[in-house]
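Summary of structural features
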Amino acid sequence: MPMEFVVVNYPEVRDVSIDGEVAGKTNDTLMLERGHHTFDLGIPKDYEPESVEKNVQDTTEIIPLIIDDFHPKEGGI
Amino acid sequence: MKNRFQTTAVLFFILALAGCSYFTYQVNPQLKQYDPQVGYRFENLKAPEKTDGLFVILTFSGGGTRAAALSYGVLEKLRDTKIHWEGQERRLLDEVDVISSVSGGSFTAAYYGLFGDELFDPEKFRKVFLYRNMESELFLSMLNPVNWVRLASPYFGRIDLAVEIYDREIFREKTFGDLTTQGKRPFIMINATDMTIGSQFTFIQEQFDLMCSDLNGVHVARAVAASSNFPIAFTPMTMNNYAGTCGYQERTWMAEASKDLIDNPPRFNRVRIARTYKNSSERPYIHLLDGGVADNIGLRAPLVAVTSNDLPWNLPNKINQGKIKKLVVIVVDARTDPETRTDKSACSPWLPTIVDDIATVPMSNYSFETVQALHDTFEYLRSAARNYDDCENILKKESPSANMPYKRPLHVDTYGIYVGFDQIKDQDKKNHFMNMKTSFCLKPEEVDDLRKIGPEILDNSEEFQSLLKDL
């Protein structure tokens, strides 16, 4: 069963949750199952958007899906 | 005349009792309030003496006492195998995190989960199950006139008689609440089959959450009986479905997976099946059959944990976080290939032969694909790491100052080990095991042979030897 790969970019190291479960850290290459998933950075909620949904497919360990959506809220970090 | 009247009155009374559900199955209790932190779940079982670094999963197949004895021999081998891990000498057995079992294999798995090393005491499991003629005891209980009355009830079947015997004679009336209270690994996943939808039904709280039922109140014997509930020989086991009464909330993955019909059909199917339990007006009762009908080697659930992030104890998330360094899956498969007379005659086979073949033969073929899926997944993980390294090497050669744009995914060493009679090289010996019957009564010497052959196959397994070399 082929797996998929994502990198969630963020200016600092934070937990990355996939579908509500902690799955790794920001800026690391994370392995996951193909399909639709919700990503967020957990607590504190000092970032925007609160979560993003992606359909992850046709990635490889060399060319993962890059999630660039998250950024600190005004006044954060 | 008076006597005849009295007899008729007594009979009428008994039938009335039977008909009005006086005799009924052990009802699985209702869950008062859904709480994803409570109950028999992997996350609630601690392993203070170990880490997840070496993560070991065992799967035990069906096959009556043959399967129970083969898996017993494998556990004996793991008990006797010393390894060095994280600076300490340990038994490989103590590193087992999960046992997923079906049918006959569920007896060994459940007993080990409940009683640990007591399993190996000659006076315990061997006496109460492995070397016992359980089949005749089940049969004799059906001949008891008291049980005829009970069996006349539509709410009490032959499987419920089996539950009582297993509960009293083998599992000492222990419940999943006892397993939860023990709070230690391995996590025992006893698998049955949901008769209506043909899918795996695992006795873990996550499954029972969907039905708003409290698994802690269910006797382990009931799970084992459901798991080994061979069609026709026993009646389907009934579970009550209280869905919608406990404030259950779907996990996030379920809404996401429901969009994956095209992109990932197996994931879509998992959520489709899960949601059938949530409709208690459509399915107020669930009927269970032998786990072997859906998956006779117990590997499907662990395979989902290896390839998907959806289960709370999923392995991709643990690998991503660097928690798992080595992942070992040992599949213990007591599949046989008995000589058959069916194709030597033009006559139509008997009904029992037809039922037996329908219930076991297609699934045995399917088991090969399940094992292959595990090997493919492991090979994929290995090649993913190789590809990254190869790419990085080429980049460094062509442009020494350049770096890979993204970090290397964390790597895990994988070991997929299969223990089955197909691996026996000596043909006579192989025939001996391949023709062993599926029953709850084997000759003592057959049980002895089964206990010996598991360790022998492991000793001859290149993958197992490679694991030992790396530890």
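Definitions and cut-offs
Residues numbered from 1 in each chain as written. Chains lettered and ligands numbered in written order. Predicted model: local features only at pLDDT ≥ 70, side-chain atom pairs only at ≥ 80, totals over all residues. Helix = DSSP H or I, 4+ residues; strand = E, 2+ residues; numbered from the N terminus. Rg over C-alpha atoms; globule rule 2.2 N^0.38 Å. Buried ≥ 20, exposed ≤ 12 C-beta atoms within 10 Å, placed from the backbone. Contact = placed C-beta atoms within 7 Å. Axes fitted to C-alpha atoms, helices over the stretch in contact; angles between N-to-C directions. Parallel < 35°, antiparallel > 145°, perpendicular 65-115°, else oblique. Left-handed = near helix turned anticlockwise from the far one by under 90°. Nonpolar A, V, L, I, M, F, W, Y, C, P; charged D, E, K, R; others polar. Pairing = 2+ DSSP bridges. Core = buried A, V, L, I, M, F, W, Y, C linked by C-beta atoms within 7 Å.

Remarks on the overall build of chain A
A count of helices and strands for chain A gives zero helices and nine strands. Secondary structure of chain A in N-to-C order comes out as β-β-β-β-β-β-β-β-β. For 77 residues, the compact-globule estimate of 2.2 N^0.38 gives 11 Å, and chain A sits close to it at 12 Å. Its C-alpha atoms give chain A principal-axis dimensions of roughly 40 × 20 × 15 Å. Among the 77 residues that make up chain A, the fraction classed as buried is 42%. Within chain A, contacts between residues separated by at least 24 positions form 49% of all contacts whose residues are at least 6 apart in sequence.

Observations regarding the packing of helix H5 (residues 134–143) of chain B against helix H7 (residues 158–169) of chain B
All names here are of chain B. Relative to each other, H5 and H7 sit at 120 degrees, their axes nearing to 10 Å. Judged on the interaxial angle alone, H7 and H5 are oblique. Along this stretch, H5 crosses H7, giving a crossing that reads as right-handed. Contacts from Glu137, Leu138, Ser141 and Met142 of H5 reach H7 at Arg158, Leu161, Ala162 and Ile165. Its residues assigned to classes, the contact of H5 with H7 shows five nonpolar, one polar and two charged.

Focus: the sheet that holds strand E1 (residues 4–8) of chain A
All names here are of chain A. Pairing in this open sheet of three strands is mixed, and the strands run E4-E1-E8 from one edge to the other. Of all strands in the sheet, those with a lone pairing partner are strand E4 (29–32) and strand E8 (65–67), marking the two edges. Averaged over neighbouring strand pairs, the angle between their axes works out to 35 degrees when direction is ignored. Two elements, E1 and E8, share three bridges in a ladder whose sense is parallel.

Focus: the interface of chain B and chain A
Every contact between the two is made by 32 residues of chain B and, on the other side, 28 residues of chain A. If you list the elements that add at least two residues to the side of chain B that touches chain A, you get helix H11 (252–257), helix H14 (315–320) and helix H15 (351–398) of chain B.

Describing the nonpolar core
All names here are of chain B. Ala110, Val224, Ala225, Ile330 and Val419 are the most contacted members of the largest nonpolar core, which totals 130 residues. If one sorts the elements of this core by residue count, helix H2 (residues 64–80) sits on top with eight residues. Ignoring anything within four residues of it in the chain, the contact list for valine 419 reads Val74, Ile330, Val331, Val332, Asp333, Gly454, Ile457 and Leu458.

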